[in-house]
Amino acid sequence: MRAEVEGGGVVNERGDGQPLGGATRAGGASPAGGTGRKPSGGGVRLTARGAIALVLVATLVGRVLQAVFGPSALLGLTFVVGCAGAVVLVNRRDLLSLVVCPPLVFFVAALITEAVGALGAKVPVQAFGLGMFAVLSANAPWLFAGSLLVLLVAWRRGLATCVRELREELRAAGPAPARQKAGGAGFAPEPEGYFEPKVYGTPRDDHPSQEQTADGR
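Parameters at a glance
- Residue numbers here run from 1 along each chain, matching the order of that chain's written sequence.
- Note on the predicted model: pLDDT of at least 70 is required for a residue's local features to be given, and 80 or more for side-chain atom pairs to be given and counted; whole-chain, interface and lining totals, by contrast, use all residues.
- Side-chain metrics rest on all non-hydrogen atoms present in the structure, leaving aside hydrogens and water.
- Helix and strand assignments come from DSSP, with helices taken as H or I runs of at least 4 residues and strands as E runs of at least 2, each series counted from the N terminus.
- The cut-offs for exposure are 20% and 50% of the maximum accessible area for each residue type, with area from a 1.4 Å probe on protein chains only; residues under the lower value are buried, those over the upper are exposed, and the others partly exposed.
- We call two residues in contact whenever any of their non-hydrogen atoms come within 4.5 Å of each other.
- Exposure above 30% relative accessible area and the lack of any salt bridge qualify a residue for a patch; like charges then connect within 9 Å, and the nonpolar side chains Val, Leu, Ile, Met, Phe, Trp and Tyr within 5 Å.
- Reported accessibility uses the Shrake-Rupley method at a 1.4 Å probe radius. Residues are deemed covered only where the shown protein chains occlude them.
- For salt bridges, the criterion is a side-chain nitrogen of Lys or Arg within 4 Å of an Asp or Glu carboxyl oxygen.
- Take the number of residues in a helix, subtract one, and multiply by 1.5 Å to get its expected span.
- Picture the helix axis, draw a direction to every C-beta atom, and the arc is the one those directions span.
- For every element, the axis is a line fit to its C-alpha atoms; helices are fit only across the contacting stretch, and the angle between N-to-C directions ranges from 0 to 180 degrees.
- An angle below 35 degrees is treated as roughly parallel, one above 145 as roughly antiparallel, one from 65 to 115 as roughly perpendicular, and anything else as oblique.
- Each crossing gets its handedness from the near helix: less than a right angle anticlockwise from the far helix is left-handed, clockwise is right-handed.
- Three residue categories are used. Nonpolar comprises Ala, Val, Leu, Ile, Met, Phe, Trp, Tyr, Cys and Pro, charged comprises Asp, Glu, Lys and Arg, and polar comprises the others, including Gly.

### Things to note about the overall build of the protein
(1) Moving on: Regarding its fold elements, the protein presents eight helices and two strands.
(2) Moving on: The secondary structure elements of the protein, listed N-terminal to C-terminal, are β-β-α-α-α-α-α-α-α-α.
(3) Moving on: The buried share among the 217 residues of the protein stands at 22%.
(4) Moving on: Partitioning the contacts of the protein with sequence separation of at least 6, the portion at a separation of at least 24 is 58%.

Structure follows, in structure tokens:
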């Protein structure tokens, strides 16, 4: 065992040249080649459900602001802001789940708000239908903008990799290869419970043959 000085740092080594105990080399590097520093946190991350809930809440808040202040752009603007925040904060593995959800989330938010608003109308069904038509038609550009924004940001964050991983998982979890046809190499066992023992005829010892019967006479 010897001690060497490397760049002002003392390293204890055995005869095989490996560091002794938890000793680290100069510069704070660990024996395994690491830097000895803990990785910095990745910040706030949302699951797919959390990101979808964020878009839904933002859309509902926008509808309330639109009802209070009047400008119709408030609903679409808050929807786009919610989509941007969701796609930035969601985990990378959940990007594929989030990409297909903004139109559905907007429709659900409109369904909730218009259903609540139609409760006090004289003809609730008519008021609900007209309200849904007005909301969806007026905010169609915002809906398209939010969906496109989610797709572009998700693609930049690695959506193609998520699609590739999903394809590999589906391929790995696919059905087992079909059994070989009769006459081919290999053995294809019968399914469980299929085989039932059958008896064809009876053993010779149980019934005397014709020759034994003739001799007995």
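### Examining a nonpolar patch on the surface
(1) Moving on: On the surface, a cluster of nonpolar side chains totalling about 690 Å² of accessible area is made up of Leu104, Phe107, Val108, Leu111, Ile112, Val116, Leu119 and Leu136.
(2) Moving on: Considering each element in turn, the nonpolar patch owes the most residues, six residues, to helix H4 (residues 102–117).
(3) Moving on: Here Leu104 lies in helix H4.

### Side note on H4
(1) Moving on: Between its first and last C-alpha, H4 extends 22 Å over 16 residues, near the 22 Å set by a 1.5 Å rise per residue.
(2) Moving on: Listed in full, the buried residues belonging to H4 are Pro102, Val105, Phe106, Ala109, Ala110, Thr113 and Glu114. One face of H4 carries all of its buried residues, which in axial projection span an arc of 155°.
(3) Moving on: Where H4 is buried, its residues contact helix H1 (48–69), helix H2 (73–89), helix H3 (95–99), helix H5 (124–138) and helix H6 (140–157).

### A few points about the packing of H2 against H6
(1) Moving on: Direction vectors running N to C along H2 and H6 enclose 10°, while the axes themselves pass 9 Å from each other. Taken together, H2 and H6 sit at an angle that is classed as roughly parallel. Our pair here, H2 against H6, has a crossing hand that is right-handed. Contacts between H2 and H6 involve Ala73, Gly76, Leu77, Phe79, Val80, Cys83, Ala84, Val87, Val88 and Leu89 on the former and, on the latter, Trp142, Leu143, Gly146, Leu149, Val150, Val153, Ala154 and Arg157.
(2) Moving on: Here the contact of H2 with H6 is composed, by residue class, of 15 nonpolar, two polar and one charged.

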